[in-house]
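# Structural features, examined
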Amino acid sequence: MIYHFTVLFSIIISITCQQNEDIVECNNQDLSQHYLDKTNPNEQEQFAYKILHEYDRNLTTLAYITASAEFETHLHLNDTSKTRATEKYYDAYRNCLKTVAIIGKQLKNLIDDPNASLRWLLIRTQAIGDAAQNDTKTKFDMQKLKARIKEIYHQKFIWNNTRITIDEVQEIMGGLKSPDDLLSLWKATYDVPAPMRDHYSELIALQNQQAKQNHMNDRSEAMTTAEERRLVEQLWQELKPLHDLVHAYVRQQMVQMYPGHVQLDQPIPLHLTRDLFGTMLTYLEHDILPFPDIEGIDLGPAMKRKNFTEENIFQYADDFFVALNLTRAPNRFWNLSIFKKTPNRHMACHPAAFDMYKYDDVRIRMCTSVTSRDFYVVHHEMGHIQHYLQYKNLPFWFRRSPHGAFSEGIGDAIALAAMSPTHLKRIGLLENYSSSKEDNIKFLVSQALSRLFLPPYAYALELWRWSVYNGSILPSEYNKRYWDLICQYQGMKPPEVRGERYFDAGTKLHIAFDLTYLKYFLAHVFQFQIFDVLCHEAGNRGPLHLCDLHGSVAAGKKLKVLLGMGSSKPWEDILEEFAGVKTFSAKSCLKYFQPLRDYLEKLVADGQLHVGWKCENNGFSTRSFIPTTIWLILILKFILSNIFFPL
């Protein structure tokens, strides 16, 4: 199809959407700067509206074709023809985005004019597309390296006479308890990415070369900003005392579970957490939750008693949104999504939600199990689906999250609401919950296991990656420096010394697939901000962790506005409109866990809990200052209580 527009300043522009070997291609437009300079802002805006409208239609079609191909590729990892087709579609998609970004860049006058109505839309074309100068050979070499690294990540390996992939390890690992079995599986998994190492260092060099061509010091400047790094550091300093208290509690319980394997003043051996990265410790719940005489929250048995299928969990999540007066998932979702692993098929199992951009087509691909952990994950993924459904009528440029943390934080906030004891009682999945002090502490420990260990890991991972890009971590020390940071921030260590022939960071999908992970740190903070705001709208007057959003039309209305804006405004403006502040804050997270913090600080004061650890490799120690910090907090609390409430 060819669309012709006669612009007010007598330029004829042709936008071509060509079907070439099943690929839709968008042609480039060489705009004459001479004519642009002669036109007034109103004429330029009319021109921009027309051209972006047609590119919107073309890109929506191209996005649908590409997303459909990607979804199929994930279901047939052994089918190289599908992989090649998806790469071809993606290349056309990226090229079209680049074309629009370049055109948008030529309309610099509108971008620079704060009063131009199209200003934010044109800025979004720059954010989504890459208007940077890219050498064709460099681009091709990078694509080859990325494809090879992904191929290594998806390779099957043999453990316990079974062929599995990295994506399939977590479910197996969660079912193991023997230290020997956990060690064996952990080592077999972390050995997989070793061949990535040289490819990864080559990729880093090419990405940095490309960044310098575009006037950056290194590629990390394209991934984050100095302001964002300062924000993350500030948030981490606020969260760290709470994390370290929970870390101390978990380690103390693990000393009893694994005598001789865990020491009270040392980092926790990662494999014994039964989580591949030590970020979600829910598999430890049965063994380490306090007050063992009180029944905890384990949804697995309750769901099995009710004969839940994998699809039932998704239906419960869908009903949650409907109760808030939001949108029910369309029929296409139920017909085209994949909720469980297909037997005897090599497919991706990492949970993922897909916006296909057309026909109300939204999907999830997930190898679901009927467990508490996946009840949480399903509600998170359905949060993404609801986000897609709410902003589906926006222009293409705005149909995405305004910041990576928004989409993930929204999903996490929904999962947070779904796991509220009050809500679980309402839907019949929790019995005998009395909401005593002990019940609440037990529940909050459970929540801490699933939410407080990812932020330090995410921060350590990104610090490692930024340092690799800026050259302060050399290829010869990839592994040592990775584990140094994991120890320093997360308080964990590998089960044995890992030399430089390994590439352990590559076990994480987001390193292997060159995806940012910082958004998950921010999302784990932002989820509590969202939850706090929605609970206020719902009229919650009790402790934040007991808030139940079910059936609150007011909370649903507030959430609908947040979701429906997509990226139509800067994220700071959207956040201010929703929460009354222009940045992410840890206050709601600390508020949510305050009863648990008080409980653990009392254990420290009574000498029942040892906080801190020493990292042997780099000499970093938290032992010397963490107990001091906590004692200062306790002393300050005592002084303040006697000032305001004297004995």
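Quick caveat: nothing in here was measured; it's all calculated off a predicted structure. All residue numbers here refer to positions counted from 1 along the written sequence of the relevant chain. Local features in this predicted model are restricted to residues whose pLDDT is 70 or higher, and side-chain atom pairs enter the listing and the counts only when it is 80 or higher, whereas totals over whole chains, interfaces and linings include all residues. Side-chain measures here rest on the full set of heavy atoms in the structure, leaving out hydrogens and waters.

## So, the overall build of the protein chain
Looking only at helices and strands, the protein chain features 28 helices and nine strands. Per-residue burial for the protein chain yields a buried fraction of 57% across its 647 residues. A separation threshold of at least 6 residues defines the contact pool for the protein chain, and within that pool the share at least 24 residues apart is 74%. All accessibility values rest on the Shrake-Rupley procedure with a 1.4 Å probe; residue burial counts only the protein chains present in the view. When the accessible area of the protein chain is evaluated, it comes to approximately 27500 Å², of which 52% is carbon and sulfur surface. For helices the rule is a DSSP run of H or I covering at least 4 residues; for strands it is a run of E covering at least 2, with both sets numbered from the N terminus onward. The buried label applies to any residue whose accessible area, calculated with a 1.4 Å probe on protein chains only, is under 20% of its type's maximum; exposed applies above 50%, and partly exposed to all values in between. Any pair of residues with heavy atoms lying within 4.5 Å of one another is described as a contacting pair.

## Considering the pattern of salt bridges
If the charged atoms of two oppositely charged side chains come close together, the side chains can form a pair. The salt bridge criterion pairs a side-chain nitrogen of Lys or Arg with a carboxyl oxygen of Asp or Glu, the two atoms within 4 Å. A complete count under the given rule lists 31 salt bridges for this structure. Where salt bridges share partners, they join Lys-146, Arg-219 and Asp-514 into one cluster.

## Thoughts on the packing of helix H2 (residues 41-75) against helix H3 (residues 80-106)
Axis definition: a line fitted to C-alpha atoms, limited for helices to the stretch in contact. Angles are taken between N-to-C directions and run from 0 to 180 degrees. Where H2 contacts H3, the axes come no closer than 9 Å and their chain directions differ by 160°. Here H2 lies roughly antiparallel to H3, going by the angle between them. Handedness of the crossing formed by H2 with H3: left-handed. Along its contact with H2, which presents Ile-51, Leu-52, Tyr-55, Leu-59, Leu-62, Ala-63, Ile-65, Thr-66, Ala-69, Glu-70, Glu-72 and Thr-73, the element H3 presents Lys-82, Thr-83, Thr-86, Tyr-89, Tyr-90, Ala-92, Tyr-93, Cys-96, Leu-97, Thr-99, Val-100 and Ile-103. Classifying every residue of the contact of H2 with H3 gives 16 nonpolar, five polar and three charged. When an angle is under 35 degrees it counts as roughly parallel; over 145 it counts as roughly antiparallel; between 65 and 115 it counts as roughly perpendicular; any other value is oblique. In this scheme, a crossing is called left-handed if the near helix is turned counterclockwise away from the far one by less than a right angle; it is called right-handed if the turn is clockwise. Amino acids outside the nonpolar list (Ala, Val, Leu, Ile, Met, Phe, Trp, Tyr, Cys, Pro) and the charged list (Asp, Glu, Lys, Arg) are all regarded as polar, and Gly is one of them.

## Examining the pairing of strand E7 (residues 352-355)
Residues of E7 alternate between two faces, with Ala-352 and Phe-354 on one and Ala-353 and Asp-355 on the opposite face, all of them buried. Both E7 and strand E8 (residues 362-365) contribute to a ladder of four bridges, which runs antiparallel. Paired with Phe-354 across the bridge in E8 is Arg-363. With antiparallel pairing between neighbouring strands as the criterion, E7 and E8 make up a hairpin whose turn holds six residues, including Tyr-357 at a positive phi of roughly 75°. Any two strands are treated as partners once DSSP identifies two or more bridges connecting them.

## Considering the confidence of the model for the protein chain
Note on scores: pLDDT gives the predictor's confidence for each residue, bounded by 0 and 100. The predicted model of the protein chain averages 88 in pLDDT, with 88% of residues at 70 or higher. Note that pLDDT drops below 50 for residues 1-23; the model gives that stretch 59 contacts with residues more than four away or on any other chain.

## Considering the packing of helix H11 (residues 226-257) against helix H23 (residues 518-537)
In contact at an axis separation of 11 Å, H11 and H23 are set at 50° when each is read in the N-to-C sense. Classified by the angle between their axes, H11 and H23 sit oblique to one another. Like other packed secondary-structure pairs, H11 and H23 cross with a definite hand, here left-handed. When H11 is examined against H23, the residues Glu-228, Leu-231, Val-232, Leu-235, Trp-236 and Leu-239 are found in contact with a partner set consisting of Leu-518, Phe-521, Leu-522 and Val-525. Classifying every residue of the contact of H11 with H23 by side-chain character gives nine nonpolar, no polar and one charged.

## A word on the packing of aromatic side chains
Planes of paired rings set the category: under 30 degrees apart is stacked, over 60 is edge-to-face and the rest tilted, where pairs are Phe, Tyr or Trp rings (Trp by its six-membered ring) whose centres lie within 6.5 Å. Under the counting rule described, the total for this entry stands at 42 aromatic pairs. For the ring pair Trp-186 and Trp-483, a centre distance of 6.0 Å and an interplane angle of 45° mean the geometry is tilted. With Trp-186 in helix H8 (residues 179-190) and Trp-483 in helix H21 (residues 478-490), the pair connects residues that are 297 residues apart, well separated along the chain. Judged by relative accessible area, which is 0%, Trp-186 ranks as buried. Ring geometry for Tyr-190 versus Trp-483: centroids 6.1 Å apart, planes at 40°, classification tilted. With Tyr-190 in helix H8 and Trp-483 in helix H21, the pair connects residues that are 293 residues apart, well separated along the chain. Residue classification places Tyr-190 among the buried positions, given a relative accessible area of 0%. Chaining the aromatic ring pairs together yields one cluster made of Trp-186, Tyr-190, Tyr-200, Phe-277, Tyr-457, Trp-464, Tyr-478, Tyr-482, Trp-483, Phe-503, Tyr-517 and Tyr-520. We note Arg-363 situated over the ring of Phe-71; from NZ or CZ to the ring centre the distance is 4.9 Å. A ring has a charge above it when a Lys NZ or an Arg CZ is no more than 6 Å from the ring centre and no more than 35 degrees off the ring normal. Over the aromatic face of Phe-396 sits the side chain of Arg-400, whose NZ or CZ is 5.1 Å from the ring centroid.

## Considerations on empty space enclosed by the protein
In this analysis the probe radius is 1.4 Å and the grid spacing 1 Å, with only protein atoms considered; a cavity is a set of points the probe fits into but cannot get out of, a pocket is an open set with protein on both sides within 12 Å along at least five of seven lines, and lining residues have an atom within 4 Å of a point. Grid points are joined across faces, edges and corners, and a volume is the space filled by probe spheres set on the points. Taken as a whole and judged by the stated rule, the model has two cavities of 30 Å³ or more. Looking at the largest cavity, its volume works out to about 60 Å³.

## Thoughts on the nonpolar core
Burial of nonpolar side chains together is a common tendency in soluble globular proteins. Grouped together as the largest cluster of nonpolar side chains are 164 residues, with contacts concentrated most on Val-250 and Trp-464. Those residues within four positions of Trp-464 in sequence are excluded, and the remaining contacts are Tyr-200, Ile-473, Tyr-478, Arg-481, Tyr-482, Leu-485, Phe-503, Ala-505 and Ile-511. Grouping buried Ala, Val, Leu, Ile, Met, Phe, Trp, Tyr and Cys residues that are joined through side-chain atoms within 4.5 Å yields what is termed a nonpolar core. By size, the runner-up hydrophobic cluster in this structure holds 25 residues, among which are Leu-59, Ala-63, Val-100 and Leu-110.

## Structural notes on unusual backbone geometry
Its identity is not glycine, yet His-215 carries a phi of approximately 65°, on the positive side. A relative accessible area of 77% places His-215 in the exposed class. A positive phi angle, close to 55°, is found at Phe-291, a residue other than glycine. Position of Phe-291 relative to the elements: it lies in the loop between helix H12 (285-288) and helix H13 (299-305). Residue classification places Phe-291 among the partly exposed positions, given a relative accessible area of 26%.

## Quick look at helix H19 (residues 437-451)
Helix span, as expected, comes to 1.5 Å for every residue beyond the first. Here H19 spans 21 Å end to end across 15 residues, near enough to the 21 Å set by a 1.5 Å rise per residue. Buried residues dominate H19, accounting for 13 of its 15 residues.

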